[in-house]
Amino acid sequence: MHRASARLAGTATRPTLYLTVGTEDAADVTDFRRRIDTEAVPRLCRALDLAHLPVELLIRLDDARSARLS
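Values in this document were obtained by computation on a predicted structure and should not be read as measured data. (Residues numbered from 1 in each chain as written. Predicted model: local features only at pLDDT ≥ 70, side-chain atom pairs only at ≥ 80, totals over all residues. Heavy atoms only, no water.)

1. Observations concerning the nonpolar core
Stage number 1. Val21, Ile36, Val41, Leu53 and Leu57 are the most contacted members of the largest nonpolar core, which totals 14 residues.
Stage number 2. Where this core is concerned, the elements lending two or more residues are β2 (15–23), α1 (29–48) and β3 (55–61).
Stage number 3. Filtering out sequence-adjacent residues up to four positions away, Ile36 remains in contact with Leu19, Val21, Val41, Pro42 and Leu57. (Core = buried A, V, L, I, M, F, W, Y, C linked by side-chain atoms within 4.5 Å. Buried < 20%, exposed > 50% of the residue type's maximum accessible area, 1.4 Å probe, protein only. Helix = DSSP H or I, 4+ residues; strand = E, 2+ residues; numbered from the N terminus. Contact = heavy atoms within 4.5 Å.)

Here it is as structure tokens:
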């Protein structure tokens with residue numbers, strides 16, 4: 001991963017996390033998604049005392065292609 005940005009939007013009772021990750025073309029996108037789902041989002045949920053947090057993920061590949069996953 002080369003860069004990442006995150007924005008938490010919505011209300012206190014219905015937040016959504018907007019996450020943009022920039023990486024090289026050869027990166028393992030499946031591994032990024034797994035780590036976000038199993039590590040990053042659960043940590044943020046605990047910190048914010050949330051049971052559920054919808055995530056919109058945009059992965060930008062360095063060769064200017066991008067894949068939107070949700």
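More follows now that the structure is in view.
2. Here we look at the pairing of strand β1 (residues 3–10)
Stage number 1. Both β1 and β2 contribute to a ladder of eight bridges, which runs antiparallel. Considered in β2, the bridge of Arg3 is made with Gly22.
Stage number 2. Once β1 ends, the chain turns through four residues before running back antiparallel as β2. (Pairing = 2+ DSSP bridges.)

3. What about the environment of Arg14?
Stage number 1. By the secondary structure assignment, Arg14 is in the loop between β1 and β2.
Stage number 2. Each C-alpha atom of the pair Arg14 and His52 lies 9.0 Å from the other, and the pair is 38 residues apart in sequence.

4. Notes on the pattern of salt bridges
For side chains of opposite charge, pairing can occur when their charged atoms come near one another.
Stage number 1. Scanning the model with the defined rule gives three salt bridges in all.
Stage number 2. The residue Asp31 makes a salt bridge to Arg34 at a minimum N-O spacing of 2.6 Å. One end of the pair, Asp31, and the other, Arg34, are both in helix α1, three residues apart, so they sit about a helical turn from each other.
Stage number 3. You can call Arg34 partly exposed: its relative accessible area is 42%.
Stage number 4. Note that Glu39 is salt-bridged to Arg35, the shortest N-O span being 3.8 Å. Here Glu39 and its partner Arg35 are both found in helix α1, four residues apart, which amounts to about one turn of the helix.
Stage number 5. Using a relative accessible area of 30% as the deciding quantity, one classes Glu39 as partly exposed. (Salt bridge = Lys/Arg side-chain N within 4 Å of Asp/Glu carboxyl O.)

5. A short note on α1
Since the α-helix advances by 3.6 residues per turn, residues separated by three or four positions end up pointing in the same direction.
Stage number 1. In this model α1 runs 26 Å from its N-terminal to its C-terminal C-alpha over 20 residues, within 8% of the 28 Å that 1.5 Å per residue would give.
Stage number 2. Of all the bends in α1, the greatest measures close to 40° and is centred on Ile36.
Stage number 3. Burial in α1 covers these residues: Phe32, Arg33, Ile36, Val41 and Cys45.
Stage number 4. Asp49 sits one or two residues past α1 and shows a positive phi near 55°. (Expected span 1.5 Å × (residues − 1). Bend = angle between axes of the 7 residues up to and from the residue.)

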